[in-house]
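Analysis of the macromolecular model
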Amino acid sequence: MKTVFQRTEITEPALFSPSDTTKRVDNFPAICVSTFSENIIKKFASLGNTEKIAGLYTANGMTPVYKIRYKDIDIAFYLSGVGAPACVAGFEEIIAMGAEKFVLFGSCGVLNDEAVKDKIILPDSAVRDEGTSYHYIAPSPEIGADPRAVKAAEGVLQRCGYPYIKGKTWTSDGIYRETLPLIKERRQEGCLVVEMECAAMLAVAQYRHIPFIQFLYGADNLDSDKWEIRDLNLHGLTKAEKYMVLAFECGLAL
């Protein structure tokens, strides 16, 4: 028996697709932004130039999809589920609604504190230590980001004056299984941070041919003898409102 981790090619076709479960939305914005903080989404949803345009439905309930007017351009935004499978499912359905470009941002665990301190992290590759990406592209240890998208994001960060570092992230399914040996191994491989979605989102963006940017900001610190919860205790909210606007700018740059 071969699982997706052993197969050299992705099998086709799928029995059903996102368009079978999600209706296309008339005049859906080409640009969509998402993050993982409910507080950020609620704050921007309450603004006067925002309206609800759709919803993502699961057994957990309905997630609203909003539209905001930014610099005379409509941009959609919504709350992403944490973890690769939930995040990817939402991404797939947003594409089915009509999104053509996508920006995702959120917090991450820090593996190299000296390198990333006070900087935005811009992943140019991700270690595929999760399962979702293997359903979209053939097995490999890592996946690279689209260089054109990375360059676009760099241009925005430079223009907006945000210090940043470009490098490798470790995408893991097991938030409570970031063991000391694995942390050491990933750090030695050059991973700057750890999170739960990037590798899978890069794979879907590649498979669906969707321009995609993801940027991260450090929350908890794993680069010490003892775990430091830091900003994770605040659900990654420090400066996060500025990051939402930064995501809008990245969307315009794609």
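Structure first, text after, so check above.
Residues numbered from 1 in each chain as written. Predicted model: local features only at pLDDT ≥ 70, side-chain atom pairs only at ≥ 80, totals over all residues. Heavy atoms only, no water.

**Quick word on helix α5 (residues 147-160)**
For α5, spanning 14 residues, the distance from its first C-alpha to its last is 20 Å, which sits close to the expected 20 Å at 1.5 Å a residue. All of the buried residues along α5 are Ala149, Val150, Ala152, Ala153, Glu154, Val156 and Leu157. Among the residues of α5, the N-terminal cap falls to Asp146, whose side-chain oxygen and the backbone nitrogen of Arg148 are separated by 2.9 Å. Count one or two residues on from α5 and you reach Gly161, which has phi positive near 80°. (Helix = DSSP H or I, 4+ residues; strand = E, 2+ residues; numbered from the N terminus. Expected span 1.5 Å × (residues − 1). Buried < 20%, exposed > 50% of the residue type's maximum accessible area, 1.4 Å probe, protein only. Polar contact = N/O pair within 3.5 Å; in protein donor to acceptor, adjacent residues only side chain to side chain.)

**Some remarks on the nonpolar core**
In this structure, Ile94, Phe102 and Phe215 are the most contacted members of the largest nonpolar core, which totals 63 residues. For Phe102, the contacting residues outside a window of four places in its chain are Cys32, Ser34, Tyr78, Phe91, Ile94, Met201, Ile210, Pro211, Phe212, Ile213 and Leu254. Among the nonpolar cores identified, the runner-up in size contains 8 residues, and Cys108, Ile165, Leu192 and Val193 belong to it. (Core = buried A, V, L, I, M, F, W, Y, C linked by side-chain atoms within 4.5 Å. Contact = heavy atoms within 4.5 Å.)

**Description of the pairing of strand β9 (residues 191-195)**
Among the 5 residues in β9, 5 count as buried, and that is most of the element. Here 2 bridges tie strand β5 (residues 101-110) to β9, and the two strands are oriented antiparallel to one another. Counted as the bridge partner of Gly109 is Val194 from β9. Pairing of strand β8 (residues 164-172) with β9, which is carried by 4 bridges, proceeds in the parallel orientation. Its bridge partner lying in β9, Trp170 is registered against Val194. Between the parallel pair β8 and β9, the chain is carried across by helix α6 (residues 180-188), and the sense of this crossover is right-handed. (Pairing = 2+ DSSP bridges. Right-handed = clockwise from strand over helix to strand, strands pointing away.)

**Focus on the pattern of salt bridges**
The full count for this structure, using the stated rule, is 13 salt bridges. Here Glu249 and Lys71 are joined by a salt bridge, their closest N and O atoms 2.5 Å apart. Remark: Lys71 occurs in the loop between β3 (61-70) and β4 (73-79) and Glu249 occurs in helix α8 (residues 240-253); sequence separation between them is 178 residues. When its relative accessible area of 6% is taken as the criterion, Glu249 is described as buried. When its relative accessible area of 52% is taken as the criterion, Lys71 is described as exposed. (Salt bridge = Lys/Arg side-chain N within 4 Å of Asp/Glu carboxyl O.)

**A look at the side chain of Ser172**
Looking at where Ser172 falls in the secondary structure, it is placed in strand β8. A relative accessible area of 7% places Ser172 in the buried class. At 3.1 Å, the side chain of Ser172 forms a polar contact with the backbone nitrogen of Gly174. The residues touching Ser172, leaving out its near neighbours within four places in the chain, are Asp129, Val194, Glu195 and Met196.

**Quick look at the environment of Lys101**
With respect to the element layout, Lys101 can be found in strand β5. Sequence-wise, Lys101 and Lys119 are 18 residues apart; in three dimensions their C-alpha atoms are separated by 24 Å. Ignoring anything within four residues of it in the chain, the contact list for Lys101 reads Ala30, Ile31, Cys32, Ile210, Pro211, Gly251 and Leu254.

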